[in-house]
Structures are given as C-alpha cells and as structure tokens.
Amino acid sequence: MTQLDILTELSKGDYEAFLYDCDGTLADNMQAHKDTYVKVAADHGIEIDDAIIDEFAGLPIPRVIEEINKRYNCDFDPQTFEKLKYDLYYNEYIQHIKPVQHVADHLLAHAAKVKIGVVSGGSPEAIRKTLEILNLSSHVEVLVCAGDTERGKPFPDPFLLAAEKLGVQPSSCLVFEDGEAGVKAAEAAGMDWIRIDKITES
C-alpha cells in the first residue's frame with residue numbers, strides 16, 4: 001500500500017471535517033525552517049543544533065526561541081528573532097517548498113466530501129503563501145494561524161476555533177499532524193488524530 005492508501009484507510013469514519021497542520025504536514029518545509037533558525041542564531045554568534053527544532057515542532061515560534069535561550073544560555077528577544085526568521089524564510093526559502101505529496105493528495109481527494117481546515121502555528125502571511133505555492137488555497141475553507149487564538153498548540157484553542165468556524169463539533173474532526181504539540185492540542189480538543197510522519201509504505 002502507498003502512503004496515500006494507508007492515510008485514506010486510516011481517515012475513514014464519520015468525520016465532518018479534516019484539519020491539517022501546514023509546516024511538515026502539508027508542506028515539506030521543515031528543513032527550511034530549521035535552516036532559518038540556525039542562520040539567524042549564527043548571525044548573532046550562537047551556533048545551535050537544528051535537532052532542537054524537531055524537539056519542539058508545533059510550538060509557536062516565540063516559544064521555540066525561549067527554549068533555545070534556555071538550552072544555549074542566550075537572550076534572544078523572541079519577537080525580534082521571529083521577525084528576522086520570518087523575513088529570511090519568506091524572502092529566500094518559501095518559493096522552493098514542495099508538498100508532502102501523500103498528505104496534499106489526501107486533502108485534494110477529500111475536499112468535496114468533508115470540510116477542510118488548516119491549523120498552524122505559523123504566521124497567516126506565510127501559511128497563505130505556502131498554500132498558494134502548493135495549489136491548495138482554494139480547497140481550504142478555514143485557516144487558523146498564529147495570533148488567531150491567545151494560546152497556540154499544545155493548547156486546544158486553535159483546533160476548537162477551526163471547528164467553530166467550520167460549524168462542526170470537535171468530535172467530528174480528524175486532525176493530521178507531524179508534531180507532539182499538535183497531537184496534544186488535538187487530544188485536548190477531543191479530536192481524533194493521525195501522525196502523518198509515522199506512515200510508511202507497506
């Protein structure tokens with residue numbers, strides 16, 4: 001079975017909405033994000049191991065920077081770092097991203113059958129641009145990004161807001177994620193979830 005076949009099988013059920021994370025789930029752009037963290041830190045004299053980004057995948061960027069500060073005993077201002085990282089990513093990396101093909105294909109195959117939302121800790125501009133580059137924008141009915149809720153993942157708030165905007169019960173939503181923070185948020189929202197990064201062809 002292909003990854004798409006497995007994902008399709010796993011997502012069968014009485015669901016009214018599919019909620020997809022973006023970075024690392026629909027978009028194969030986690031290396032680009034890791035590279036931009038590393039470059040901004042290096043520009044300020046701090047050498048970081050990009051594995052820390054995987055460790056805290058799904059957290060809002062300022063929270064990741066707080067963890068970098070703790071781990072490396074530095075004092076980056078989260079807002080300033082986030083702006084530098086965003087500008088670098090948006091201007092130099094975003095045009096080159098590719099889809100996580102089986103997840104993008106899964107979304108396209110179900111767009112007419114269930115409601116589709118994208119729930120991300122990224123900035124609205126970057127996520128909109130990403131969905132545009134991946135040719136998925138027209139299929140996404142609701143977008144919840146950083147700043148739309150006071151608390152981001154691992155709190156349930158972003159997923160609950162997406163369900164509310166789509167007019168469905170949280171229990172009728174299935175979440176597609178690639179990080180621990182997103183899974184915790186889905187569980188806290190009372191939603192079923194699938195870790196797309198754990199799916200391998202058989």
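Structure first, text after, so check above.
Residues numbered from 1 in each chain as written. Predicted model: local features only at pLDDT ≥ 70, side-chain atom pairs only at ≥ 80, totals over all residues. Heavy atoms only, no water.

**Re the nonpolar core**
Working step 1: Phe18, Tyr20, Leu26, Ile116, Val118, Leu131 and Phe176 are the most contacted members of the largest nonpolar core, which totals 32 residues.
Working step 2: Going through the elements one at a time, α1 (3-10), β1 (17-20), α6 (101-110), β4 (115-119), α7 (124-133) and β6 (173-177) are the ones with two or more residues in this core.
Working step 3: Ranked by residues supplied to this core, first place goes to α6 with 3 residues.
Working step 4: Setting aside residues no more than four positions away along its own chain, Leu131 makes contact with Cys22, Leu26, Val118, Leu136, Ser137, Val140 and Leu143. (Core = buried A, V, L, I, M, F, W, Y, C linked by side-chain atoms within 4.5 Å. Buried < 20%, exposed > 50% of the residue type's maximum accessible area, 1.4 Å probe, protein only. Helix = DSSP H or I, 4+ residues; strand = E, 2+ residues; numbered from the N terminus. Contact = heavy atoms within 4.5 Å.)

**Here we look at the packing of helix α2 (residues 30-43) against helix α5 (residues 78-93)**
Working step 1: Contact geometry of α2 with α5 gives a least axis separation of 9 Å together with a crossing angle of 125°. The pairing of α2 with α5 is recorded here as oblique in orientation. Two packed elements cross with a definite hand, and for α2 against α5 that hand is right-handed. Seen from α2, the contacting residues are Ala32, His33, Asp35, Thr36, Tyr37, Lys39, Val40 and Ala41; seen from α5, they are Phe81, Leu84, Lys85, Leu88, Tyr89 and Tyr93.
Working step 2: Classifying every residue of the contact of α2 with α5 by side-chain character gives 9 nonpolar, 2 polar and 3 charged. (Axes fitted to C-alpha atoms, helices over the stretch in contact; angles between N-to-C directions. Parallel < 35°, antiparallel > 145°, perpendicular 65-115°, else oblique. Left-handed = near helix turned anticlockwise from the far one by under 90°. Nonpolar A, V, L, I, M, F, W, Y, C, P; charged D, E, K, R; others polar.)

**Regarding the sheet that holds β1**
Working step 1: One open sheet holds the 5 strands; their spatial order is β5-β4-β1-β6-β7, and the pairing between them is parallel. Both edges of this open sheet fall to β5 (142-144) and β7 (192-195), since each of them pairs with a single strand only. For this sheet the average axis-to-axis angle between neighbouring strands, irrespective of direction, equals 20°.
Working step 2: Pairing analysis gives 4 bridges linking β6 to β7, with the strands arranged parallel. (Pairing = 2+ DSSP bridges.)

**Concerning the side chain of Glu177**
Working step 1: Structurally, Glu177 can be placed in strand β6.
Working step 2: Using a relative accessible area of 1% as the deciding quantity, one classes Glu177 as buried.
Working step 3: A polar atom in the side chain of Glu177 sits 2.7 Å from the side chain of Lys153.
Working step 4: Apart from the residues lying within four places of it in its own chain, the contact partners of Glu177 are Asp21, Thr25, Lys153, Phe159, Gly182, Val183, Ile194, Arg195, Ile196 and Asp197. (Polar contact = N/O pair within 3.5 Å; in protein donor to acceptor, adjacent residues only side chain to side chain.)

**A look at the state of the cysteines**
Working step 1: Considering all chains together, one arrives at 0 disulfides under this definition.
Working step 2: Sulfur of Cys173: no disulfide; nearest cysteine sulfur belongs to Cys145 and is 17 Å away. (Disulfide = S-S within 2.5 Å.)

**A short note on the pairing of β6**
Within a regular strand, side chains alternate between the sheet's two faces.
Working step 1: Most of β6 is tucked away: 5 of the 5 residues are buried.
Working step 2: Residues Cys173, Val175 and Glu177 line one face of β6 and the alternating positions Leu174 and Phe176 line the opposite face, and both faces are buried.
Working step 3: In terms of strand pairing, β1 meets β6 through 4 bridges, oriented parallel. Among the inter-strand pairings, Ala17 is bridged to a residue of β6, identified as Cys173.
Working step 4: You can see the chain leave β6, run along helix α9 (residues 180-188) and come back into β7, and the turn it takes is right-handed. (Right-handed = clockwise from strand over helix to strand, strands pointing away.)

**As for the environment of Tyr89**
Working step 1: Tracing the chain through its elements places Tyr89 in helix α5.
Working step 2: Look at Tyr89 and you get buried, because its relative accessible area is 2%.
Working step 3: Expressed as a C-alpha distance, the spacing of Tyr89 and Lys34, which sit 55 residues apart in the sequence, is 10.0 Å.

**Points about the pairing of β4**
Working step 1: With 4 of 5 residues buried, β4 lies mostly within the body of the structure.
Working step 2: The sheet contact formed by β1 and β4 spans 4 bridges and is parallel. If you follow Phe18 over to β4, its bridge partner there is Ile116.
Working step 3: Note: β4 against β5, 3 bridges, orientation parallel. If you follow Gly117 over to β5, its bridge partner there is Val142.
Working step 4: For the crossover that starts at β4, traverses α7 and ends in the parallel β5, the hand is right-handed.

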